[in-house]
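# Examination of the molecular architecture
Listed below are the residues making up each chain.
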Amino acid sequence: MRKIWTLFMASTLFLSPIYVQAEMLDPIKEVLDSLETVAGENENLGIVIGEEGNPQGDNPEVLREELETEVPTPETESTTEGTTEEGGTTDAPMIDDHVPEQVMDPNKVLLTLDSTIVWLYGEAKELLLAPKVVEGRTYLPLRFVGEEILQAQVEWLADTRQVRVTKEGKEVVLSTTEAKAYVNGVEVEIEAMPIVEEGTTLLPLRFMAEQFELSIEYDAPTRTIAIEKPIEIPNTPPVAQFEFVEERYVAGQQVQTNDLSFDPDGHLITERLWMIDGNPTKTASSLEKIFKTPKQGYYEIALKVRDERGMWSDWNSHMIMIAPNEAPEVIEFDTTKSKYKRGEAITLEYEYENEEWEQITAEKWTYRSTKEAANNYLFTKPKAIYTEGEYIVMLELKDAYGNWSTKAETTVEVTGEVLQTEFEAMFNSGTIGDTLANFEGTNYQMYKEADAIYLEDTKGLLMMSNSPEVVSQKGLLYEDTLIGLGRVMFHHINNFDSLDNQLDKKRLVVIAKNNTEAPVMGTISKLTTKGPSDDVLFVGQQLLLSYLDNTAVQSLNLEPGAQQVIYDSQNKNWLKGQAISGMFDVELNGPVTFTVALLGQNDTLEDIPLMPRPDRDVHPRGTFGIIDKNIMIDLISEDEKTKLVIGKDATEWVQGYDALLNTESANRGNFGVNYHVTVTAKEDTAVILNPRGNMFKGAIKWEQDRAYLTPSAGYFPSSNRAAFMGIVKGGETRTFTYMLPNGSSAPVLFGFIPESEWGE
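Note that this is a predicted model, so its numbers are computed, not measured.

## Section: the layout of surface pockets
- When its volume is computed, the second largest pocket comes out at roughly 560 Å³.
- Of all the elements, helix α5 (residues 422–429) adds the most residues to the lining of the second largest pocket, at four residues.
- Its residues assigned to classes, the lining of the second largest pocket comprises 17 nonpolar, ten polar and six charged.

## A closer look at the nonpolar core
- Among the nonpolar cores identified, the biggest contains 44 residues, and Ile633, Val679, Leu689, Phe736, Tyr738, Phe750 and Phe752 are the most heavily contacted of them.
- Examining the composition of this core, we find that six residues originate from one element, strand β41 (residues 622–635), more than from any other.
- Setting aside its immediate chain neighbours within four residues, isoleucine 633 contacts Ala450, Asp451, Ala452, Leu644, Val677, Thr678, Val679, Thr680 and Phe752.

## Observations regarding the packing of aromatic side chains
- Summed over all chains, the structure comprises 20 aromatic pairs.
- With a centroid separation of 5.9 Å and an interplanar angle of 55°, the aromatic rings of tyrosine 367 and phenylalanine 439 are classed as tilted. Placement of tyrosine 367 in strand β27 (residues 360–369) and of phenylalanine 439 in the loop between β30 (435–436) and β31 (448–449) is noted, with a sequence separation of 72 residues between them. Taken individually, tyrosine 367 and phenylalanine 439 each receive the classification buried, so the pair is uniform in this respect.

## Description of the environment of aspartate 334
- Relative to the elements of secondary structure, aspartate 334 occurs in strand β24 (residues 329–335).
- Non-local contacts of aspartate 334, meaning those with residues more than four positions away in its chain, are made with Thr347, Leu348, Glu349 and Thr410.
- A polar contact of 3.3 Å, which involves the side chain of aspartate 334, links it to the side chain of threonine 410.

## Section: helix α2 (residues 142–149)
- Most of α2 is tucked away: six of the eight residues are buried.
- Restricting attention to buried positions, one finds in α2 the residues Leu142, Arg143, Phe144, Val145, Gly146 and Ile149.
- Count one or two residues on from α2 and you reach glutamine 151, which has phi positive near 55°.

## Here's the deal with the pairing of strand β33 (residues 458–465)
- The sheet contact formed by β33 and β41 spans five bridges and is antiparallel. Of the residues in β41, the one forming a bridge with lysine 459 is isoleucine 626.
- Pairing between β33 and strand β35 (residues 475–494): five bridges, direction parallel. Bridged to leucine 461 within β35 is glycine 486.

## Observations concerning α5
- Looking only at α5, the buried set comprises Glu422, Phe423, Ala425, Met426 and Phe427.
- Check the buried side of α5 and you find it contacts β30, β46 (685–691), β49 (722–728) and β51 (748–754).

## Describing a nonpolar patch on the surface
- Where nonpolar side chains cluster on the molecular surface, the patch consists of Tyr298, Met319 and Met321 and spans about 360 Å² of accessible area.
- Note on methionine 321: relative accessible area 36%, which makes it partly exposed.

## Quick look at the confidence of the model for the protein
- Looking at the protein, pLDDT values average 85 and 86% of them are 70 or higher.
- For residues 1–86, every residue scores under 50 in pLDDT, and the model assigns this stretch 154 contacts once sequence neighbours within four places are set aside.
- In this model residues 90–101 is a low-confidence stretch, pLDDT under 50, and it forms 27 contacts with partners more than four residues away in sequence or in other chains.

## Structural notes on the environment of serine 718
- Positionally, serine 718 belongs in the loop between β48 (707–710) and β49.
- For the pair formed by serine 718 and asparagine 690, sequence separation is 28 residues and the distance between their alpha carbons is 9.5 Å.
- Among the polar contacts listed, one links the side chain of serine 718 to the side chain of asparagine 376, at a separation of 3.1 Å.

## As for the pattern of salt bridges
- Considering all chains together, one arrives at 30 salt bridges under this definition.
- For the salt bridge of glutamate 217 with lysine 108, the shortest nitrogen-to-oxygen distance reads 3.2 Å. Here the residue glutamate 217 occupies a position in strand β15 (residues 215–219), and lysine 108 occupies one in strand β3 (residues 108–112), the gap between them amounting to 109 residues.
- For lysine 108, a relative accessible area of 21% puts it in the partly exposed group.
- Residues arginine 487 and aspartate 585 are paired through a salt bridge, measuring 2.7 Å at the closest nitrogen-oxygen approach. In this pair, arginine 487 is assigned in strand β35 and aspartate 585 in strand β40 (residues 579–599), connecting sequence segments 98 residues apart.
- Salt bridges here are not isolated pairs; linked through shared partners, they connect Lys474, Asp500, Asp504, Lys506 and Asp603.

## Some thoughts on unusual backbone geometry
- Backbone torsion omega between threonine 710 and proline 711 reads 5°, so that peptide bond is classified as cis.
- Within the fold, proline 711 resides in the loop between β48 and β49.
- Cis geometry is adopted by the peptide bond preceding proline 747, which originates at alanine 746 and carries an omega value of 5°.
- Within the secondary structure, proline 747 sits in the loop between β50 (733–738) and β51.
- Backbone geometry at aspartate 114 places phi at a positive 70°, although glycine is not the residue there.
- If you trace the backbone, aspartate 114 turns up in the loop between β3 and β4 (117–120).

## Points about the side chain of serine 665
- Within the secondary structure layout, serine 665 lies in strand β44 (residues 663–667).
- Owing to a relative accessible area of 6%, serine 665 belongs among the buried residues under this scheme.
- A polar side-chain atom of serine 665 sits 2.6 Å from the main-chain carbonyl oxygen of arginine 621.
- Setting aside residues up to four positions removed in sequence, serine 665 forms contacts with Arg616, Arg621, Gly622, Phe624, Val654, Gln655, Gly656, Tyr657 and Asp658.

## Structural notes on the sheet that holds β31
- Read from one edge of the open sheet, six strands run β30-β49-β46-β51-β42-β31, paired in mixed fashion. Two strands in the sheet have a free side with no partner beyond their single neighbour: β30 and β31.
- Relative to strand β42 (residues 642–646), β31 runs parallel, the two being bridged by two bridges. Looking at the pairing, lysine 448 lines up with threonine 642 of β42.

## A look at the sheet that holds strand β29 (residues 408–418)
- Taken in spatial order, the four strands of this open sheet run β25-β29-β28-β27, and their pairing is mixed. The outermost strands of the open sheet, each flanked by one partner alone, are β25 (339–342) and β27. With direction set aside, neighbouring strand axes in the sheet form an average angle of 35°.

Cut-offs applied
Residues numbered from 1 in each chain as written. Predicted model: local features only at pLDDT ≥ 70, side-chain atom pairs only at ≥ 80, totals over all residues. Heavy atoms only, no water. 1 Å grid on protein atoms, 1.4 Å probe; cavity = no way out; pocket = protein on both sides within 12 Å on 5 of 7 lines; lining within 4 Å. Points joined across faces, edges and corners; volume = space filled by probe spheres on them. Helix = DSSP H or I, 4+ residues; strand = E, 2+ residues; numbered from the N terminus. Nonpolar A, V, L, I, M, F, W, Y, C, P; charged D, E, K, R; others polar. Core = buried A, V, L, I, M, F, W, Y, C linked by side-chain atoms within 4.5 Å. Buried < 20%, exposed > 50% of the residue type's maximum accessible area, 1.4 Å probe, protein only. Contact = heavy atoms within 4.5 Å. Phe/Tyr/Trp six-rings, centres within 6.5 Å; stacked < 30°, edge-to-face > 60°. Polar contact = N/O pair within 3.5 Å; in protein donor to acceptor, adjacent residues only side chain to side chain. Pairing = 2+ DSSP bridges. Patch = residues over 30% accessible without salt bridge, like charges linked within 9 Å, V, L, I, M, F, W, Y side chains within 5 Å. Areas by Shrake-Rupley, 256 points an atom, 1.4 Å probe, with all protein chains shown as cover. Salt bridge = Lys/Arg side-chain N within 4 Å of Asp/Glu carboxyl O. pLDDT = per-residue confidence, 0-100. Axes fitted to C-alpha atoms, helices over the stretch in contact; angles between N-to-C directions.

And the structure:
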């Protein structure tokens, strides 16, 4: 007589008990009583389900249940040995020809604890390792569970010591080193993890049954486990459907959709794939990733979806038209008053029209006196004007799509009544980098020469590659060998036509090489590069700003004959008319040769010696023996406006040589040379920067402070403008650093204005 307990897992099939007639109960009761007596004498008897192979592994108490009919058990004789990878089966067990009816069930797998014979859907096979119980949980060989029972894909991940089982879009990953598993990427905790025995991985049966919906029975007297194959339900492909939220969209507007996709079988939609214009390279899991702010035109938008069992739908597509994005328009623009006093705060108001959903992202303000040239304006919104006269204020608006409005303008009339001077307003409440308009036309050159003491220059090798500035030919631009303290600066503009750039993408490279027979060690510091950009003044200003604040240091260690790429613009799209600038400092214990070259996309460093040397132009190029100039300004005895002009003529330019031409060279304007100016003041003294060579956009840095743009907005088109640099307090000594920015013009005047002069 045999007693069967039926175990129910999540989503498993229920097995109905088979009832016996009443007259059969007496002999059955005797069997039950005898089993309980034996169980009391030996706790390890197989009817204690949890300890003897219960796949659930929860050690429940033995309960009296409805007794089922007697079922014969398979009798196994001798077997032949067979082995497969990870505990698979062999196909040649030697068994008795008589097979009970239930063993031949094509929908079940029958296993017996401690026996290698298995009945796999009615077919006898042999396991490499028998099912075993560890701490009350049943384990089966990995390959057998995954490939034979589940008919799934099984992988052993050696690097992470994990097992991955995949079937119909479901992925289960189990770790053999910790009690964790991942179901479709989501981490779950498990009570028992896989074990490895004799090179074979064994899986906990309970966990795998729950994940793949297997129904399990355990027969304690015969120690038999029956696993029933889950009912295969046909999987119908899901259906992709969507609609656009709006009937019409404008370029730059985010296109939104309602996803109406569904699965006829009720399965979850787990993945979406969008495609634009039938192009497989334009696909993404969300439409926003590839169609966030589309341009004007017609587009085909397609969607397909996948269900939780891994089946994809067909593509579903719709056409959409993206209308043009109209530029914003300023419809009203005026001041709140008809007249303003000198130094009085000016209020300007405007209204505009634009697409309702689109934001205005930028304002561009300029203003000038009606007496000045149309291009001699200030790049800022006038907070106040300090000179009597009439002024034109212009405004442009930029929308999120990038469209600029046409210029709107209004006039401001300033009377002769004075509330405050420009110096008073700027030096009391201004910000470093603010522009002094100087509509009075003050000539800062008329200031008195400051008492300047030129200290010893900092020696070092400044290698400057800036000629040809506008490059039309590939090849070596400049090269020289540095040792000790040094600085490398490069500034070049791409002048190849658009087709040439498209067919052969241009690169600017800087290489360091050890041509000696001994190792060279050193450092590269303050490495800064900017561009490409077609705004040369902007590139030069941003390079200087970043360089002055840069504190990064990296090692440079070169074995004999070794070389290292310091910079390569290959990841940048360098177009015609665009500039690239860069600069860094070096400190070397031996000679290192630095090379600046312009290459094509497929050119190598080894090609450089074979390439031509483009002819230099009028811009400075060469190697110079000074990297820093140090100046002290003593204002202790000064009570009037003073000035310091640097880079004014050839007497100040640093002299050097052109290493490629073996000729003398002058650094006109002293590009790449740091000026450290130390100022001691008697009273609070304002410092201003006034470019004398026109077209200027720079930066300065105060010691123990950050760097500042000068000017902070726009550029200086003429010599009557100045930038506020800050205040040196009375009795205080402060130092600032200045360098002529690439693309700008020298000379530059620094003005020192004591507080007693601010009201004039």
